[in-house]
Structures are given as structure tokens and as C-alpha cells.
Amino acid sequence: MGRDLVVIGGGIVGAAAAWHATRRGADVLLIDARAPGRATDAGAGIVSPETDLRDRTPTHMLSAAARVFYPEMISALEAAGFSDTGYARCGKLVVARNDEQAGWIAPYLGALRDPERAAAPADAASLREISPAEARRLFPPLGEVTGAFVSDGGARVDGRRLVRALLAAATDNGLDIEVATVASLADVPDARAVVVAGGAWSPALLPELDIVPQRGQILHLAIDDASCERWPVVSPLAHNYLLAFDGRVVCGATREDAAGFAAEITAAGQAEVLNDALAVAPGLARARVLEWRVGLRPVARRGWPYLGAVSDRPGVFVASGHGASGLTYGPWSAAAVVDAALGVALHPDLRAFAP
Ligand SMILES: Cc1cc2nc3c(=O)[nH]c(=O)nc-3n(C[C@H](O)[C@H](O)[C@H](O)COP(=O)(O)OP(=O)(O)OC[C@H]3O[C@@H](n4cnc5c(N)ncnc54)[C@H](O)[C@@H]3O)c2cc1C
């Protein structure tokens, strides 16, 4: 018998799986094709499970778990000397832009304060309605605002930097990494278990998964404002989001279901993202365009990801299909699947996410 675990895929899910497994003391190989269009490299980075509402899917379990797991993961990385993750608890600002939307603010806040309806209930004091003037003070490029609330628990992360930190920490723990495409599960080096974390490409190895790519084009603008690192994530009620990192504002993003695996920036995509961003935040009009990114979200058409053992394939596990929320849910999902794959006692009950 060879390794304890082979992880296929080196996006956020695969990197977190490898990190977690090496922390468990496992002998791990990660194989990643580094395909153009890797979702993690384009992901905006909003991590705000405390503003998720329960729906009819089991996803609320992921919101609740992510809310606890994320800060623990970041602290563990920092303690090991890997603090360059781009993670910051910057808060999330939800804004209305007309009178109709302003009427949605109080019911949304009410639902988030209701433990029966919030997916990852935050403490009430961390959610507060604020005035339009206060909203513009928090995010100066904003245009017209008719209502707003802030969630102090909202955070953002840089997917590329987080993956680098996870892989560096895992390599310190003995992880081996190979850049290659696994053409079939029969080609995987001998191991006790395999975790498929191949994002939108996962069905090439496991055709039973109903996961499809959803293209997202996203814009990075340069911002000459030293305070922008502390600006909150902006989530307009009926528009795309905005968030800031050191020296840049990220304007999201298209959601294209018919583009297949074409990881391309298109004229229509640019127009949609730019027009929307400037409608919400006209103060960005003079910002310099730094770069466009494009990623393929792994969308599970049933509405929630596939996590756990794959039936009729002994030793094969999957962690994939996180759609638009994989930077948020991916790390905990990966850890949970790894614990199942390694047979760690008390691993979480993943039956609701069974492939
Ligand atoms: C524009 C955009 C904005 C987003 N914003 C957010 C956000 O704000 N918050 C949030 O939580 N989420 C966000 N997401 C979603 C999030 O980025 C994804 O859900 C997440 O990154 C998926 O991670 P993954 O590891 O499953 O897949 P990926 O990051 O796509 O990685 C999969 C990796 O597996 C490799 N691979 C696949 N098959 C094989 C094989 N056979 N052999 C070897 N390697 C293989 C690929 O090459 C790739 O490197 C966004 C996504 C996009 C595109």
C-alpha cells in the first residue's frame, strides 16, 4: 500500500484537503493540472456565512461550519508562520439603491436575527441598520443609497494567497505536489484513499457527478486610497458586489451558464461588470483597470455540493460542486471529507451531501 491519501485538484478545496490531511499526520500527494479558469484564482473572496439564510437545501450546515472553521484555519496558519492569506474581517455592507429595495432591509435583518431562519446565526449586536451617509462613509465610492445594514462578521480572502499559504504549510508537514492531469482514477498512484477536488472538471473523473462550469468574469481596479484595505464588502440587494484589498477594488462578476469551459474574457462580460459597478459606485469611474480574471464555478445542479464517499468506488471520496461559495464553504468541506477518507473517529455526518 502506498500513500495514505492522494488529492486531485489544487484549488481551495484540494489545498485545504491536503493541509488538513497533513495536520492529521497523513502521507499525502496532491496532483493538480492548474487548468486555466481555475475558480479559486478568480474568486472574489467574500466570506460572509453569517448573512446566509436557510433554504430547503442542506447548505446551511456549511454556512454554520464555515463561520467557526474559517477563523480557526486562519489562526492555525498564522501560528505556523503562514499569515499571507489576504483574509480580513472587514465587515459586510448590504445596500439598497431605491425605495423598493429599502423596504427589504428590515425583513432581511429580521430573518438574520431569527435563529430559525439564519443559516449561521450571528450575535444580534454584530448586525445593525445604518444610514445612507454612514454607508458612503464606510465605502466612499458608493453612489445613491436608500437603506443599508452592516454585518461586522463579514470577511474577505484572497483565494490565490490562501491556497499558497495552505500548500506551503502542508509542504512543511510533508506534502508532495505534482503538476499533472489525472486522466482516469485508474492512473492514480497507489493510496489508501483518493479525494477528487477537481472543481468544474470533477465529472471527467466521476461522471456520476452532475457538476457544470459557470463562467465568472471579474474586474480588479487600482485604488489610490490607503484606507481601502479596511473597506467592507459591499453587497447591493439587486446588483453585483464590490470588495477591496490593499490598493485594489474587485468588482464582480458575470454568471454565465452557457460558456462551457471557455475561460475567456468577453466584450459583453466586461460591459456588464463595468456598467454594474459604476452604477453602484460611480466614485470608481477614474480608477485604473488593473486586470480582468475569469474562473469556472463548479455548480452542482442539484443545488448543494457533493461531499463524501462515492458509492461503488471503494476508497474514492469527492469534495466538489461549491458553485459561487467555494471560497467560503470549501475549506471546512475539504477537512470534513478528509476526516471521512482517513477514517478519523467523529468525522462529521455528511449523509446530506452524499454523491
Ligand atoms: C468570478 C468568481 C467569483 C467568486 N466569488 C466567490 C466569493 O466571493 N466567495 C466564495 O465563497 N466563492 C466565490 N467563488 C466561488 C469559488 O471561487 C469556487 O467555488 C471555488 O474556488 C472552487 O474551488 P475548487 O477547489 O472546487 O475548484 P477550482 O478552484 O476550480 O480548482 C480545481 C482544480 O482541480 C484541478 N483539476 C481538475 N481535474 C483535474 C485532474 N483530472 N487532474 C489534475 N487536476 C485536476 C484543476 O486544474 C484546478 O486547478 C467565485 C468564483 C468565481 C469564478
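Along every chain, residues carry numbers that run from 1 in the direction the sequence is written. Owing to the predicted nature of the model, reporting of local features is limited to residues with pLDDT of at least 70; listing and counting of side-chain atom pairs is limited to 80 or more, with chain, interface and lining totals taken over all residues. Excluding hydrogens and water, the side-chain figures rest on all heavy atoms present in the structure.

### Quick notes on the domain arrangement of the protein
At step 1: In this document the domain limits rely on a domain assignment from an automatic tool or a database. Per the domain assignment, the segments making up the protein are domain 1 (3–83 + 158–210 + 301–353) and domain 2 (92–155 + 213–298).
At step 2: In this structure, domain 1 and domain 2 have C-alpha centres spaced 26 Å apart.
At step 3: Across the boundary between the two partners, domain 1 contributes 30 residues, which contact 33 residues of domain 2.
At step 4: The quantity reported as buried area is the accessible area (1.4 Å probe) lost by two parts once they are put together, taken as the sum for both. Interface area for domain 1 against domain 2, summed over the two sides, is near 2600 Å², with a carbon-plus-sulfur share of 62%.
At step 5: For this analysis, a salt bridge means a side-chain nitrogen from Lys or Arg found within 4 Å of a carboxyl oxygen belonging to Asp or Glu. Counting across the domain 1 and domain 2 interface gives 0 salt bridges. Note on contacts: a residue pair is in contact if any heavy atoms of the two residues lie within 4.5 Å.

### Quick notes on the site of the ligand
At step 1: Taken together, 39 residues surround the ligand, and among them Asp32, Thr40, Ile46, Gly323 and Thr328 come closest.
At step 2: Between the ligand and the protein, one listed contact pairs an oxygen atom with a backbone N or O atom of Val13 at 3.1 Å.
At step 3: Polar contacts here mean pairs of N or O atoms no more than 3.5 Å apart (in protein, one a potential hydrogen donor and the other a potential acceptor; neighbouring residues in sequence count only if both atoms are side-chain atoms). One of the backbone nitrogen or oxygen atoms of Gly323 is found 2.7 Å away from an oxygen atom of the ligand.
At step 4: Relative to its unbound accessible surface of 1000 Å², the ligand loses 98% to contact with the protein.
At step 5: Per the convention used, a helix needs a DSSP run of H or I reaching at least four residues, while a strand needs a run of E reaching at least two, with both numbered from the N terminus. Of all the secondary structure elements, the ones that give two or more residues to the shell around the ligand are helix 1 (12–23), strand 2 (28–32), helix 2 (39–42), strand 14 (288–300) and helix 8 (326–342).
At step 6: When residues are sorted by character, Ala, Val, Leu, Ile, Met, Phe, Trp, Tyr, Cys and Pro go into the nonpolar class, Asp, Glu, Lys and Arg into the charged class, and all the rest, Gly among them, into the polar class. Residue composition of the shell around the ligand, by class: 20 nonpolar, 15 polar and 4 charged. The criterion for a residue being near a molecule or strand is simple. One of its heavy atoms has to lie within 4 Å of it. Here, Shrake-Rupley sampling with a 1.4 Å probe gives the accessible areas, and only protein chains in the shown set may cover a residue.

### A word on the pattern of salt bridges
At step 1: Per the counting criterion, the structure on display carries 16 salt bridges.
At step 2: Where Asp41 meets Arg38, a salt bridge forms, and the shortest distance between an N and an O atom there is 3.2 Å.
At step 3: Overall, Arg38 belongs to the buried group, its relative accessible area being 16%.
At step 4: Put simply, Arg137 and Glu134 hold a salt bridge, and the shortest N to O gap is 3.1 Å. Here the residue Arg137 and the residue Glu134 both occupy positions in helix 5 (residues 132–138), the gap between them amounting to 3 residues, near one helical turn. Accessibility here uses a 1.4 Å probe with only protein chains present; expressed as a share of the type maximum, an area under 20% marks a residue as buried, one over 50% as exposed, and anything in between as partly exposed.

### Things to note about the sheet that holds strand 2
At step 1: Two strands qualify as a pair provided DSSP detects at least 2 bridges between them. Read across the sheet, 6 strands follow the order 8-2-1-9-16-15 without closing on themselves; strand pairing throughout is mixed. Each of the sheet's edge strands pairs with one partner strand only, and the pair in question is strand 8 (176–179) and strand 15 (306–309). Between one strand axis and the next, the sheet turns through 20° on average, direction left out of account.
At step 2: Where strand 1 (residues 3–8) and strand 9 (residues 191–196) come together, 5 bridges link them in parallel fashion. In the strand pairing of strand 9, Val7 is matched with Val195.
At step 3: Axes here mean lines fitted to C-alpha atoms, for a helix over just the part in contact, with angles spanning 0 to 180 degrees between N-to-C directions. Against the sheet, helix 8 contacts strand 1, strand 9, strand 15 and strand 16 (316–320), and its axis sits at roughly 175° relative to strand 16.

### With respect to the packing of aromatic side chains
At step 1: Under the pairing criterion, centres of Phe, Tyr and Trp rings, with the six-membered ring standing for Trp, must be within 6.5 Å; the plane angle then separates stacked pairs below 30 degrees from edge-to-face pairs above 60, leaving the rest tilted. As enumerated under the stated definition, the model contains 4 aromatic pairs in all.
At step 2: Between Tyr108 and Phe149, the aromatic rings sit 5.2 Å apart at their centres with planes inclined by 85°, giving edge-to-face as the arrangement. Taken together, the positions of Tyr108 in helix 4 (residues 99–112) and Phe149 in strand 6 (residues 147–151) put the pair 41 residues apart, joining distant regions of the chain. As far as the burial class goes, Tyr108 and Phe149 line up, both buried.
At step 3: Both a distance and an angle decide whether a charge sits over a ring: NZ of Lys or CZ of Arg must be within 6 Å of the ring centre and within 35 degrees of the ring normal. Over the ring of Tyr306 we find Arg302, and its NZ or CZ is 4.0 Å from the ring centre.

### Here's the deal with the environment of Gly323
At step 1: Here Gly323 shows up in the loop between strand 16 and helix 8.
At step 2: Apart from residues lying up to four places away in sequence, Gly323 is in contact with Arg297, Pro298 and Val299.

### Describing the packing of helix 3 (residues 59–79) against helix 6 (residues 159–172)
At step 1: One can describe the packing of helix 3 onto helix 6 by two numbers: an axis separation of 11 Å at closest approach and a directional angle of 55°. Relative to helix 6, helix 3 is oriented oblique. Between helix 3 and helix 6 lies a crossing whose hand is left-handed. Counting all contacts with helix 3, which are made through Tyr70, Met73, Ile74 and Leu77, the residues of helix 6 involved are Leu162, Ala165, Leu166 and Ala169.
At step 2: Looking at the contact of helix 3 with helix 6 residue by residue, the class counts come to 8 nonpolar, no polar and no charged. If an angle is under 35 degrees, it is roughly parallel; if it is over 145, roughly antiparallel; if it lies from 65 to 115, roughly perpendicular; otherwise it is oblique. For a crossing to be left-handed, the near helix must be turned anticlockwise from the far one by less than a right angle; the clockwise case is right-handed.

### Some thoughts on the side chain of Thr254
At step 1: Residue placement: Thr254 occurs in the loop between strand 13 (248–251) and helix 7 (267–280).
At step 2: Judged by its relative accessible area of 0%, Thr254 is buried.
At step 3: At a separation of 2.8 Å, a polar atom in the side chain of Thr254 contacts the main-chain amide nitrogen of Gln217.
At step 4: Once residues within four sequence positions are removed from consideration, Thr254 is found in contact with Arg215, Gly216, Gln217, Gly269, Glu272, Val273 and Arg297.

### Remarks on the environment of Ala16
At step 1: With respect to the helices and strands, the residue Ala16 is situated in helix 1.
At step 2: Residue Ala16 is classed as buried on the basis of its relative accessible area, which comes to 2%.
At step 3: For the pair Ala16 and Val280, spaced 264 residues apart in sequence, the C-alpha separation works out to 34 Å.

### A few points about the pairing of strand 9
At step 1: Extensive coverage of strand 9 is indicated by the burial of 5 of its 6 residues.
At step 2: Examined bridge by bridge, strand 9 and strand 16 share 3 bridges and lie parallel to one another. Each bridged residue has a counterpart across the sheet, and for Val196 the counterpart in strand 16 is Val318.

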